[in-house]
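This is what each chain is made of:
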Amino acid sequence: QVQLVESGGGLVQAGGSLRLSCAASGSILRINGMGWSRQRPGKQRELVAAITSGGSTNYADSVKGRFTISRDNAKNTVYLQMNSLKPEDTAVYYCNAGVVTMELSVSAYWGQGTQVTVSS
């Protein structure tokens, strides 16, 4: 069993910053790619940022230059530093990870989501 627990969401004014964290725990042998997605009100879930096990990153055009994804492999944790936040960044943010378990199964796991609200 693998769990992903997010933290760091909240309410911030436009132009402010937040840092999201997502820690994976459980029967983990190795974590491959990790990422953050978000679901804005009335919209479908969209990928925000992703990072490979080697540290290569990819961002949605809407957040390039403002958001930075990073990971600490020793802690099985992925972070999302969000700067220059805009009201349109308001969403529930979900982390995900591709995990190889001790039992040698490979699956994608998702966190429960954390609310980010940016006021104008």
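Here, every reference points to the structure presented above.
Residues numbered from 1 in each chain as written. Predicted model: local features only at pLDDT ≥ 70, side-chain atom pairs only at ≥ 80, totals over all residues. Heavy atoms only, no water.

Peer 1: Looking at this structure, how should I read the nonpolar core?
Peer 2: What tends to happen in soluble globular proteins is that the nonpolar side chains get buried as a cluster. Grouped together as the largest cluster of nonpolar side chains are 30 residues, with contacts concentrated most on Trp36, Phe67, Ile69, Val78, Leu80, Met82 and Tyr93. Counting residues per element, the ones that place at least two in this core are strand 1 (2–7), strand 3 (18–26), strand 4 (28–39), strand 5 (46–51), strand 7 (67–72), strand 8 (77–82), strand 9 (91–101) and strand 11 (114–119). Here this core gets five residues from one element, more than from any other, and that element is strand 9. (Core = buried A, V, L, I, M, F, W, Y, C linked by side-chain atoms within 4.5 Å. Buried < 20%, exposed > 50% of the residue type's maximum accessible area, 1.4 Å probe, protein only. Helix = DSSP H or I, 4+ residues; strand = E, 2+ residues; numbered from the N terminus.)

Peer 1: It is not clear to me how the environment of Arg38 should be interpreted in this structure. Could you clarify?
Peer 2: With respect to the helices and strands, Arg38 occurs in strand 4. Accessibility expressed as a relative area gives 1% for Arg38, which makes it buried. Separated by 19 residues in the primary sequence, Arg38 and Arg19 have C-alpha atoms spaced 14 Å apart. Setting aside anything within four residues of it in sequence, one finds Arg38 in contact with Gln44, Arg45, Glu46, Val48, Ser62, Val63, Phe67, Glu88, Asp89, Ala91, Val92 and Tyr93. Only 2.9 Å separates the side chain of Arg38 from the side chain of Asp89, close enough to count as a polar contact. (Contact = heavy atoms within 4.5 Å. Polar contact = N/O pair within 3.5 Å; in protein donor to acceptor, adjacent residues only side chain to side chain.)

Peer 1: Explain the state of the cysteines to me, please; I cannot follow it from the model alone.
Peer 2: Covalently bonding the sulfur atom of one cysteine to the sulfur atom of another cysteine gives a disulfide. Taken as a whole and judged by the stated rule, the model has one disulfide. Note on cysteine connectivity: Cys22 is disulfide-linked to Cys95, with sulfurs 1.9 Å apart. Across the disulfide from Cys22 to Cys95, rotation about the S-S bond amounts to roughly 45 degrees, and the bridge is consequently right-handed. Taken together, the residues span a long stretch of sequence, with Cys22 in strand 3 and Cys95 in strand 9 at a distance of 73 residues. Considered together, Cys22 and Cys95 belong to a single accessibility category, that of buried residues. (Disulfide = S-S within 2.5 Å.)

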